[in-house]
Amino acid sequence: MTSSVKAIVFDTFGTVVDWRGSIIRDLTAWGAAEGLQIDWAGLVDRWRDRYNPQKARVRSGELPWTNLDELHFDALKAVFAEMGLAELEHDRMMHVNRVWHRLDGWPDASRGLHRLKSKFIIGPLSNANVAILVNMAKHADLPWDNVFSCELFQHYKPDPETYLGVCKLLYLEPGAVMMCAAHNYDLAAARSLGLKTAFIARPTEYGEGQTTDLTAEQRWDYVADDLEDLARQLGC
């Protein structure tokens with residue numbers, strides 16, 4: 001099977017980077033230096049809770065195409081209000097919003113991707129916009145060949161235009177592209193369009209007590225412990 005796969009694209013938030021842990025670490029340190037008394041763990045969980053509803057408004061046509069930085073900023077202001085917090089000055093609010101550009105990879109991420117890059121075209125297929133993905137790659141040493149941001153297709157996953165858009169850009173048939181994700185829904189959408197699939201569990205993506213995506217829910221083409229294990233299985 002691996003001989004037919006030419007490119008691997010990766011969900012990024014949760015699969016490649018530890019978004020929750022990174023944001024809590026980053027903003028806790030920054031907030032302490034700024035003298036801000038904010039429950040950053042509570043804030044990030046409320047912030048992320050708005051992620052899917054915000055995307056759904058775009059996918060349904062309720063909102064015109066709006067990139068993730070802009071959706072995040074609208075959600076951040078709503079969360080500040082919900083928590084009874086006064087908005088910070090614009091520059092400080094933007095620093096908070098741009099924490100998504102500064103996320104750290106899981107411990108295996110950079111090493112695993114460097115190994116996979118030796119044999120395959122690799123890139124993120126992420127709902128994040130181009131700026132987030134490029135800055136995150138610099139920050140976390142993610143050696144992408146290209147950035148397949150959903151911003152390029154003006155559709156959010158799991159719209160078919162995202163997965164098939166990668167195939168079109170690379171001049172590859174769906175069977176020559178593999179989707180790697182820690183989320184079963186993402187793989188199910190990719191498989192329905194003919195892409196190969198690889199599942200990696202990230203059981204602490206949402207913190208302790210996570211109840212979703214703990215195991216592979218279908219017989220995906222590959223199931224790996226982490227990105228280095230996937231590289232090993234694929235002969236890298």
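Report on the accompanying structure. Just so it is clear, the model here is predicted, and its values are computed rather than measured. (Residues numbered from 1 in each chain as written. Predicted model: local features only at pLDDT ≥ 70, side-chain atom pairs only at ≥ 80, totals over all residues. Heavy atoms only, no water.)

**Things to note about the side chain of Ser149**
Take Ser149: it is sitting in strand 3 (residues 148-149). Since its relative accessible area comes to 0%, Ser149 is described here as buried. Contacts of Ser149, omitting those with residues within four sequence positions, involve Pro124, Ser126, Ala128, Asn129, Val130 and Leu133. (Helix = DSSP H or I, 4+ residues; strand = E, 2+ residues; numbered from the N terminus. Buried < 20%, exposed > 50% of the residue type's maximum accessible area, 1.4 Å probe, protein only. Contact = heavy atoms within 4.5 Å.)

**A word on unusual backbone geometry**
Look at the link from Lys157 to Pro158: it is a cis peptide, with omega at 10°. You will see that Asp141, though not glycine, has its phi angle at about 55°, which is positive. For Gln154, which is not a glycine, the phi torsion comes out positive at approximately 50°. Overall, the relative accessible area of 48% leaves Gln154 in the partly exposed class.

**Comments concerning the packing of aromatic side chains**
In the structure shown here, the tally under the stated rule is eight aromatic pairs. Geometrically, the ring pair formed by Phe13 and Tyr51 is edge-to-face, given 6.4 Å between the ring centres and 80° between the ring planes. Here the residue Phe13 occupies a position in the loop between strand 1 (7-10) and helix 1 (19-34), and Tyr51 occupies one in helix 3 (residues 51-59), the gap between them amounting to 38 residues. This pair shows no difference in class: Phe13 is buried, exactly as Tyr51 is. Ring geometry for Trp19 and Trp100: centres 6.1 Å apart, planes at 25°, overall stacked. One end of the pair, Trp19, is in helix 1; the other, Trp100, is in the loop between helix 5 (90-97) and helix 6 (109-117), and 81 residues separate them in sequence. Owing to a relative accessible area of 1%, Trp19 belongs among the buried residues under this scheme. Seen from the ring of Trp19, Arg48 lies directly overhead, with NZ or CZ sitting 4.5 Å from the centre. (Phe/Tyr/Trp six-rings, centres within 6.5 Å; stacked < 30°, edge-to-face > 60°. Lys NZ or Arg CZ within 6 Å of the ring centre and 35° of its normal.)

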